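A closer look at the structure
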Amino acid sequence: MTDMSAALPSLSEQSALSVPSVLRFLNLALGIVATGVQVRAGLDALDQEIRRQVQSGRDPTAEEWQTIQTRAEAAHRRLQDAARDRLARGGKDV
Amino acid sequence: MQSDPNDDTKPVWASRTIWASVITLAIGLLTATGLVDLQLSETEIQDWAGWIVTGLGALFGLLRLFTKSPVRPGRPPDEKAINALALLLILGLGFGLTACSVTSTAETPQQRAYALIGTYAVLAQEAATLIENPDTPDEVAEAIGLADQLAWPAITALSGAVHRYAALSDELAALEASGHTPPDALTIALSRTFDELSVGILRAAPALQQFSVALNQLREIRS
């Protein structure tokens, strides 16, 4: 009969890999990929919106302009706030 | 040597969480790049990843019956490697974005401007989510923040040009609708703002592309 215990590594034999560090990287990579998927979905939606404008032979309405500009400003503010927070937490001058 | 029972380290290959993450990541990458479209939600992908990991676990269990020595993976990626890889992935995302630009759909200058501002909004919103992720390295967060600062002036300039052009266009349309001949000054101003809008578009498009280029330069400066 095969000695199964010989095939199993003891804890000391196992390399001291830091699972949390690998998980942290994978979480970050997943976050980036999820971001890519979100960006793609956002751009697809925008593309559809512009296609509709082209098909109806019109330019964006005042309401559409208002919405897209508000979105851009909000995104810029959120991004800069988040970057500032990170710098502040890292102890760097803001 | 007696093993430490409190030792919480284990080989990477033995972590089910890591395998599930790797599979979810692979499926996510394939979906994001458009290579496959499984029409699955994020939860469904994670469920599938769980099942695949369970299957792989059973397979590894069987394989271990025929092996004598444990699998010895390499060293875990250190902080520098993680940062470099994160930047690489973000750069890939930037180039991917450039490739699937929606501006080609637009026909008129106003539609083009709308596409550029919209693209910026989508990109900045998701970049903010990346920065808010505590696992994103500080260097990456800083690089994204700086790259955004470079792109933002072109976007605001374009927004201003759009506003001025739209206001003058409306004024001209209202005059024409009421049967009045528009004054030359208005026609000239409209032509000028049209040029301004065109220049704004020409500047905003590369500014968005520079988002990824700036990240690359920052990475080179730091390495």
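Predicted model, so just to flag it, every value in this text is computed and none were measured.

Rules used throughout
- Residues numbered from 1 in each chain as written.
- Chains lettered and ligands numbered in written order.
- Predicted model: local features only at pLDDT ≥ 70, side-chain atom pairs only at ≥ 80, totals over all residues.
- Helix = DSSP H or I, 4+ residues; strand = E, 2+ residues; numbered from the N terminus.
- Buried ≥ 20, exposed ≤ 12 C-beta atoms within 10 Å, placed from the backbone.
- Axes fitted to C-alpha atoms, helices over the stretch in contact; angles between N-to-C directions.
- Parallel < 35°, antiparallel > 145°, perpendicular 65-115°, else oblique.
- Left-handed = near helix turned anticlockwise from the far one by under 90°.
- Contact = placed C-beta atoms within 7 Å.
- Nonpolar A, V, L, I, M, F, W, Y, C, P; charged D, E, K, R; others polar.
- Expected span 1.5 Å × (residues − 1).
- Bend = angle between axes of the 7 residues up to and from the residue.
- Core = buried A, V, L, I, M, F, W, Y, C linked by C-beta atoms within 7 Å.

Focus: the overall build of chain B
- Helix and strand counts for chain B come out as 6 helices and 0 strands.
- N-terminal to C-terminal, the α/β element order of chain B is α-α-α-α-α-α.
- Put simply, chain B has 223 residues, and 32% of those count as buried.

Brief notes about the overall build of chain A
- Scanning chain A for helices and strands turns up 3 helices and 0 strands.
- When the helices and strands of chain A are placed in sequence order, the string is α-α-α.
- Across the 94 residues in chain A, those meeting the buried criterion constitute 32%.

Remarks on the packing of helix 3 (residues 62-89) of chain A against helix 4 (residues 109-132) of chain B
- Two elements in contact, helix 3 of chain A and helix 4 of chain B, have axes separated by 8 Å at closest approach and are oriented at 30 degrees. Here helix 4 of chain B runs roughly parallel to helix 3 of chain A, going by the angle between their axes. The way helix 3 of chain A lies across helix 4 of chain B gives a crossing that is left-handed. The segment helix 3 of chain A lies against helix 4 of chain B, with Ile68(A), Gln69(A), Arg71(A), Ala72(A), Ala75(A), His76(A), Arg78(A), Leu79(A), Ala82(A), Ala83(A) and Arg86(A) engaging Tyr114(B), Ile117(B), Gly118(B), Tyr120(B), Ala121(B), Ala124(B), Gln125(B), Ala127(B), Ala128(B), Ile131(B) and Glu132(B).
- Its residues assigned to classes, the contact of helix 3 of chain A with helix 4 of chain B shows 14 nonpolar, 4 polar and 4 charged.

Quick look at helix 3 of chain A
- With 28 residues, helix 3 of chain A ought to run about 40 Å at 1.5 Å a step, and its terminal C-alpha atoms sit 40 Å apart, in line with that.
- Within helix 3 of chain A the residues assigned to the buried category are Ile68(A), Gln69(A), Ala72(A), Ala75(A), His76(A), Leu79(A), Ala82(A), Ala83(A) and Arg86(A).
- Looking at the buried side of helix 3 of chain A, the elements it contacts are helix 4 and helix 5 (138-177) of chain B.

Regarding the environment of Leu190(B)
All names here are of chain B.
- Among the secondary structure elements, Leu190 is positioned in helix 6 (residues 184-222).
- Separated by 24 residues in the primary sequence, Leu190 and Ala166 have C-alpha atoms spaced 9.1 Å apart.
- Setting aside anything within four residues of it in sequence, one finds Leu190 in contact with Leu168, Ser169 and Leu172.

So, helix 5 of chain B
Residue and element names in this part refer to chain B.
- For helix 5, which comprises 40 residues, the first-to-last C-alpha distance of 57 Å matches the rise-based estimate of 58 Å (1.5 Å per residue) to within 8%.
- Bending of helix 5 peaks at approximately 30 degrees at the position of Ala151, with proline Pro153 no more than four residues after it.
- Count one or two residues on from helix 5 and you reach Gly179, which has phi positive near 85 degrees.

Considering the nonpolar core
- Counting 41 residues, the largest nonpolar core has Ile117(B), Tyr120(B), Ala124(B), Ile131(B), Ile144(B) and Leu158(B) as the members making the most contacts within it.
- Of all elements in the fold, only helix 2 (19-55) and helix 3 of chain A together with helix 4, helix 5 and helix 6 of chain B reach the threshold of two or more residues within this core.
- Ranked by residues supplied to this core, first place goes to helix 4 of chain B with 14 residues.
- Contact partners of Ala124(B), with chain neighbours within four places excluded, come to Ala72(A), Ala75(A), His76(A), Leu79(A) and Asp148(B).

What about the packing of helix 4 of chain B against helix 5 of chain B?
All names here are of chain B.
- Packing of helix 4 against helix 5 brings their axes to within 10 Å, and their N-to-C directions diverge by 155 degrees. Overall, the two elements helix 4 and helix 5 adopt an arrangement that is roughly antiparallel. Considering how the two elements wind past one another, helix 4 and helix 5 form a crossing that is left-handed. Counting all contacts with helix 4, which are made through Gln110, Ala113, Leu116, Ile117, Tyr120, Ala124, Ala127, Leu130 and Ile131, the residues of helix 5 involved are Ala141, Ile144, Asp148, Ala151, Ile155, Leu158, Ser159 and Val162.

Remarks on the environment of Ala204(B)
All names here are of chain B.
- Position of Ala204 among the secondary structure elements: in helix 6.
- Between the C-alpha atoms of Ala204 and Leu158, which are 46 residues apart in sequence, the distance is 7.0 Å.
- Ignoring any residue separated from it by four or fewer positions in sequence, one finds Ala204 in contact with Leu116, Ala154, Ile155 and Leu158.

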